[in-house]
Amino acid sequence: MTTSVDLSGAPLLKTDGPIATIQLDRPRQMNKITAADLAVLSGHFASVEKAGARVLILTGEGRAFSAGYDLGDIAARASSKEDVHASGFENVVDQLETLAIPTICRLNGGVYGGATDLALACDFRIGVDNCEMFMPAARLGLHYYSSGLMRFASCLGVAATKKLFLTGLKLDAAEMLRIGYLDEAVPAGSLDARVKELASVLAANAPAAMRGMKRAINEIARNSFDRSAADQRYRESLVGAELREGSAAFAEKRPPRFGADLDGR
Ligand SMILES: CC(C)(COP(=O)([O-])OP(=O)(O)OC[C@H]1O[C@@H](n2cnc3c(N)ncnc32)[C@H](O)[C@@H]1OP(=O)(O)O)[C@@H](O)C(=O)NCCC(=O)NCCSC(=O)C[C@@H](O)C[N+](C)(C)C
């Protein structure tokens, strides 16, 4: 039996040299994320890594970044007592968090519910200065999943996480900056330039060094730090091709060329 899945409005993947961009594409429904979108997102994340992109930008089309997971699907599954866990949301967000390349969330507008988690799984968040966020779990009667709660508490601290999850209240861009959710809030007209500037910095840096340090930092945040593996990567980097290129570039007063993954760590 074949089942057809409606993929209209599914997330789009574009690449521009070393920079890949995934765009949520349901602007009329505030880029709500459906179960089918999750499968597409997961495939995009895997193909971005495979294709050797150096940076991933995640963004949305229209006036919101995303209104989170499809509330219609949550309601339908709750009525039929089907576990919404089966949608795979958690796995896709964890997949994004552990992607081997640096990731930037370009917050073109508001970010709500599970989308606040998706954005937080990126390494950086740059938003328009009129963006806003809320996490309505307590209003909906949803006990948020543990991996997500851990991500918020480790990135933003316990106090800000309690405020977000227990009140469900809306935060404006100034407060999002204050709690460390946003790295930067910029006027809409500067968003693309600023995101591109950061993406270019990351694309020019040493991929293996970034990959290893990102992994270590994520593990530290999750209390699963494999210190001996990180120490091993450190020792390898001291005699590695990336450090040779980086230090040669410094001596020769030129930008380093890390074009290929020199070390493959
Ligand atoms: C974003 C928003 C503030 C914008 O308000 P607006 O007044 O500017 O626009 P709107 O008219 O409300 O939205 C436009 C359309 O977008 C739809 N829409 C907006 N958010 C949606 C959503 N999350 N699911 C389904 N449809 C959603 C609206 O129903 C509407 O559809 P219609 O034109 O057919 O009436 C408002 O739409 C809103 O509150 N949306 C819901 C946000 C929300 O509660 N998100 C949390 C969803 S639950 C969640 O994400 C948790 C999830 O991760 C859990 N799990 C791990 C188990 C998977």
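Please refer to the structure placed before this passage.
Residues numbered from 1 in each chain as written. Predicted model: local features only at pLDDT ≥ 70, side-chain atom pairs only at ≥ 80, totals over all residues. Heavy atoms only, no water.

Participant: So what's going on with the packing of helix 6 (residues 146–156) against helix 7 (residues 158–167)? Residues and values would help.
Facilitator: Their axes nearest at 7 Å, the elements helix 6 and helix 7 cross at an angle of 135°. Our classification of the angle between helix 6 and helix 7 gives oblique. Across the interface between the two elements, Leu 149, Phe 152, Ala 153 and Leu 156 from helix 6 touch Val 158, Ala 160, Thr 161, Leu 164 and Phe 165 from helix 7. For the contact of helix 6 with helix 7, the residue count by class is eight nonpolar, one polar and no charged. (Axes fitted to C-alpha atoms, helices over the stretch in contact; angles between N-to-C directions. Helix = DSSP H or I, 4+ residues; strand = E, 2+ residues; numbered from the N terminus. Parallel < 35°, antiparallel > 145°, perpendicular 65-115°, else oblique. Contact = heavy atoms within 4.5 Å. Nonpolar A, V, L, I, M, F, W, Y, C, P; charged D, E, K, R; others polar.)

Participant: Please provide a residue-by-residue account of the site of the ligand, values included.
Facilitator: Residues in close proximity to the ligand total 22 residues, the closest being Arg 63, Ala 67, Tyr 69, Leu 71 and Gly 114. Ala 67 is positioned with one of its backbone polar atoms (N or O) 2.8 Å from a nitrogen atom of the ligand. Within the backbone of Leu 71, one N or O atom sits 2.9 Å away from a nitrogen atom of the ligand. Burial of the ligand by the surrounding chains reaches 66%, relative to a free accessible area of 1,100 Å². (Near = heavy atom within 4 Å. Polar contact = N/O pair within 3.5 Å; in protein donor to acceptor, adjacent residues only side chain to side chain. Areas by Shrake-Rupley, 256 points an atom, 1.4 Å probe, with all protein chains shown as cover.)

Participant: Break down the pairing of strand 3 (residues 55–60) for me, with residues and values.
Facilitator: With six of six residues buried, strand 3 is to be regarded as a mostly interior element. Burial of strand 3 is two-sided: the residues Val 55, Ile 57 and Thr 59 facing one way and the residues Leu 56, Leu 58 and Gly 60 facing the other way are all buried. As judged from the six bridges shared by strand 2 (residues 19–24) and strand 3, these two strands associate in the parallel manner. Directly across from Thr 21, in strand 3, lies its bridge partner Ile 57. Assessed by its sense of winding, the connection that carries the chain from strand 2 through helix 1 (residues 35–50) to strand 3 is right-handed. Across four bridges, strand 3 lies against strand 5 (residues 103–107) in parallel orientation. By the bridge assignment, Leu 58 is partnered in strand 5 with Cys 105. (Buried < 20%, exposed > 50% of the residue type's maximum accessible area, 1.4 Å probe, protein only. Pairing = 2+ DSSP bridges. Right-handed = clockwise from strand over helix to strand, strands pointing away.)

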